[in-house]
Amino acid sequence: MMEHQYLDALVVGAGFGGIYQLKKLLDQNLSVKLIDMAGDFGGTWYWNQYPGAMSDTESFLYRYSWDEEDLRSYPWNRYYLQGPEILAYLQNVVKRYGLRQHAQFNTELTKAQWDDAEGRWTVETSTGHIFKPKYLVTALGLLSRQNFPDIPGIETFKGDLHHTARWPKGLDLRGKRVGVIGNGSTGVQVITAIAKEVEQLVCFQRTPQYSVPSGDREVPPGYREDLNRRYTEVWQQAKNSMFAFGFEESTRPTFSVGREEREKIFEEAWQKGGGFRFMFETFCDISYDEAANEEAASFIRRKIGEIVKDPEKARKLMPSGYHARRPLCDTGYYQQFNRDNVDVVDLKETPITRITPAGIELSNGHVCELDVIVFATGFDAVDGNYTRVAIRGRDGNSLKEHWAEVGPTSYLGISVPDFPNMFMILGPNGPFTNLPPTIETQVEFISDLIEVAEQGLTRTGSNVSGLTDGAEPNGHVNGDGQGEGTGEAGSKRGQHLALEPTREAEEEWTDLCDKLSANSLFRKTDSWIFGSNVAGKKPAVMFYFAGLANYRKALKDVLENDLKGFKQYVHV
Ligand code: FAD
Ligand code: NA7
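Worth saying up front: this structure is predicted, and the values here are computed from it rather than measured.

On to the overall build of the protein. In terms of helices and strands, the protein carries 15 helices and 22 strands. Taking 25 Å as the expected radius of gyration for a compact globule of 572 residues, we find that the protein reaches 24 Å, a close match to that expectation. The buried share of the protein, reckoned over its 572 residues, is 59%. Residue pairs at least 24 apart in sequence account for 72% of intrachain contacts in the protein once pairs closer than 6 positions are excluded. A total of about 22800 Å² of accessible surface is found on the protein, and carbon and sulfur atoms cover 48% of it. Averaging the coordinates of the 63 positive side-chain charges in the protein and doing the same for the 79 negative ones gives two points 2 Å apart.

Laid out in structure tokens, this is it:
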């Protein structure tokens, strides 16, 4: 059995969240290790290497804000970033800050247990390594655990079968008969990218989507220079907005303008591109007012009708109901259905009955013969990676058990009662936004909490408010890897605080999130956002719908008011 490795902090996950958290805690002179079950850094962008993978946040905001030199000089030249570019960007950050030496890959957290006597977590991994950190920061990703529907006969298929979130490098689809199940953001991207190269493409669609053009193109000359001049304000605006997508959300109700003006506003948004822009920069009430929503929805339906030439395909692709899922945008999705080699199957009319060795069999008996089946079926989002493994708190209960009745709950989307010094990045009931700015906000808050907890080393008493002046440096080994290794050298023993939220704080936050989304049409529409996309999963409120600016205020309020909502224990 391997010896236990004592650490100040263990960060799990090597995406946007884990990378920044690792850097921040190293900067705080703590001994830190990062693990990921992936083979390298990148998180989402390591796993999702399917053709067409692209961020639908514009390039200027799908990155970290804190490295000003990198912000202004790192090369990109289109309005949106392709998956491989984002992966390269993250790996460049890792290189720039020498983070690789602190990371261990192909290492999955399988179990974690809080030990009250030691004031540490015991973390077991798939490789047999056991870590004993004082702080466990989980950056497991909210769109990371695959949803792989269990379709009868799946194991009998003679061809290749791939989930988009586990795309094999270099898979060549040229000349193949390909079936894609799913048409969410991922399905739309992969379908658009492969339609022109495959022999035949059959899209198995359960629910038609509302998608608008992304507006992706090269940025014009002078764009970067202008942005570089304004970057400070650009981030300020984003962090003080609802969705942090880089535009002012509209305050204009849909019916405050006449029909002609409305049409003009939608048309301009369609031409400009961007799913969030179309929904939130045009009018303020599309996501909660039924009549306003129908105006936006019917505009998109008319566009689909104009684009798709075959009336039967157009009928199948036509969405009905609310436009109230995560807004999508594309680089020519509906246009692909004008190709003779691309068809769509409406799974509500003819459900899949089973997968056979030759392909996919429908309820009408027809078998679509295929060489490759692509599952673009999304994720067990938000809590999926947490309930999959056994993370057990003070009382021995797992997070899964803690969440069994009410659904995934937390205080601030970050911490959970009875799980001391465990901090989640993008945990349940965090803000629904462009994610890097929210991730940064959470990483910085978690780093502040850990700083406070560490000051317990040089202080007595558990009152954090008494710890703010004159704290001495804690003398931990710095982040260059020295002192890591087995034994206690990597994490100096002494007093530290264990921080966990009170049950009341968790309840209040949960109630707030419930109230904030009560009127949202998103909540009345099945999708991963409210946990209603996976068979057997109980729908639940999983996001804070008051936006990033309000969220940042709430976190500041906690820090300025003696860690309001947190209990503190001293551990020696
Ligand atoms: P991730 O990048 O998901 O990283 C989590 C890591 O944790 C993974 O590498 C995983 O292997 C690891 N992990 C999980 N469980 C364990 C375990 N038990 N042990 C060890 N390791 C574990 N967001 C936007 O804001 N804008 C976009 O345009 C956008 N586009 C997206 C497109 C796609 C195709 C997908 C899938 C997501 C997109 N997202 C987008 C969301 C995206 O996930 C976030 O923007 C961001 O990348 C999340 O970073 P993260 O570090 O929190 O998690
Ligand atoms: P999504 O948005 O959850 O889309 C998944 C798609 O897969 C969607 O069309 C689903 O249909 C379909 N699906 C799921 N299960 C099945 C089964 N059993 N049978 C047929 N079709 C199924 O995931 P994405 O990966 O596209 O996007 C997730 C987020 O990642 C996205 O919002 C971005 O933020 C990035 P449904 O619509 O549920 O009827």
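We are not done yet, so read on.
It is worth spelling out the site of ligand 2 at this point. What surrounds ligand 2 is a group of 20 residues, the closest being Asn183, Thr186, Arg206, Thr207 and Arg325. Taking Thr207, its side chain carries an N or O atom lying 2.5 Å from an oxygen atom of ligand 2. Between an oxygen atom of ligand 2 and a main-chain N or O atom of Ala376, the distance comes to 3.3 Å. When ligand 2 is considered free in solution it has 780 Å² of accessible area, and contact with the protein chains removes 85% of it. Here the shell around ligand 2 is built from residues that sort into seven nonpolar, ten polar and three charged.

Here the focus is helix α5 (residues 185-194). For α5, a buried count of nine out of ten residues is recorded, marking the element as mostly surrounded by other parts of the structure. Those residues of α5 lying buried are Thr186, Gly187, Val188, Gln189, Val190, Ile191, Thr192, Ala193 and Ile194. In this structure, the buried side of α5 is in contact with β8 (177-181), β9 (200-205), β10 (211-213) and β11 (328-330).

Attention shifts here to the sheet that holds strand β13 (residues 352-355). The antiparallel open sheet is built from three strands, whose spatial order is β13-β14-β15. Looking at the sheet topology across the chains shown, the edges are occupied by β13 and β15 (367-369). Mean inter-strand twist for the sheet, computed between neighbouring axes without regard to direction, equals 25°. Of the pairings in the sheet, the one linking strand β14 (residues 359-362) to β15 comprises three bridges and is antiparallel in character. From the neighbouring strand, Gly359 faces β15, where its bridge partner is Glu369.

Thresholds, definitions, all that
Starting afresh in each chain, residues are numbered from 1 along the sequence in its written order. Here chains are named by letter from A upward and ligands by number from 1 upward, in the order in which they appear as written. Only residues with pLDDT of at least 70 get local features here, since the model is predicted, and only at 80 or more are side-chain atom pairs given and counted; chain-wide, interface and lining totals rely on the full set of residues. Each side-chain value is derived from all of the structure's non-hydrogen atoms; neither hydrogens nor water enter the calculation. Here a strand is any run of E in DSSP of at least two residues, a helix any run of H or I of at least four, and the numbering for each starts at the N terminus. Restricting the calculation to C-alpha atoms gives the radius of gyration, and the globule rule supplies 2.2 Å times the number of residues raised to the power 0.38. Only protein chains enter the accessibility calculation, which uses a 1.4 Å probe; a residue is then buried when its area is under 20% of its type maximum, exposed when over 50%, and partly exposed in between. Residue contacts are counted whenever heavy atoms from the two residues lie within 4.5 Å of one another. Per-residue and other accessible areas were derived by the Shrake-Rupley procedure at a 1.4 Å probe size, with only the shown protein chains allowed to occlude residues. This count recognises Lys and Arg as positive and Asp and Glu as negative, with His and chain-terminal groups excluded. Working definition for charges: the position is that of NZ of Lys, CZ of Arg, CG of Asp or CD of Glu. Nearness is judged by heavy atoms alone; a residue qualifies as near a molecule or strand once a single heavy atom is within 4 Å of it. Throughout this description, a polar contact denotes any pair of N or O atoms lying within 3.5 Å of each other; where both atoms belong to protein, one of them has to be capable of donating a hydrogen while the other can accept it, and for residues adjacent in sequence the pair is counted only when both atoms sit in side chains. Classes in brief: Ala, Val, Leu, Ile, Met, Phe, Trp, Tyr, Cys and Pro nonpolar; Asp, Glu, Lys and Arg charged; the others, Gly included, polar. The criterion for strand pairing is that DSSP finds at least two bridges linking the strands in question. For helices, the axis comes from a line fit to the C-alpha atoms of the stretch in contact; other axes are also lines fit to C-alpha atoms, and the angle between any two N-to-C directions lies between 0 and 180 degrees.

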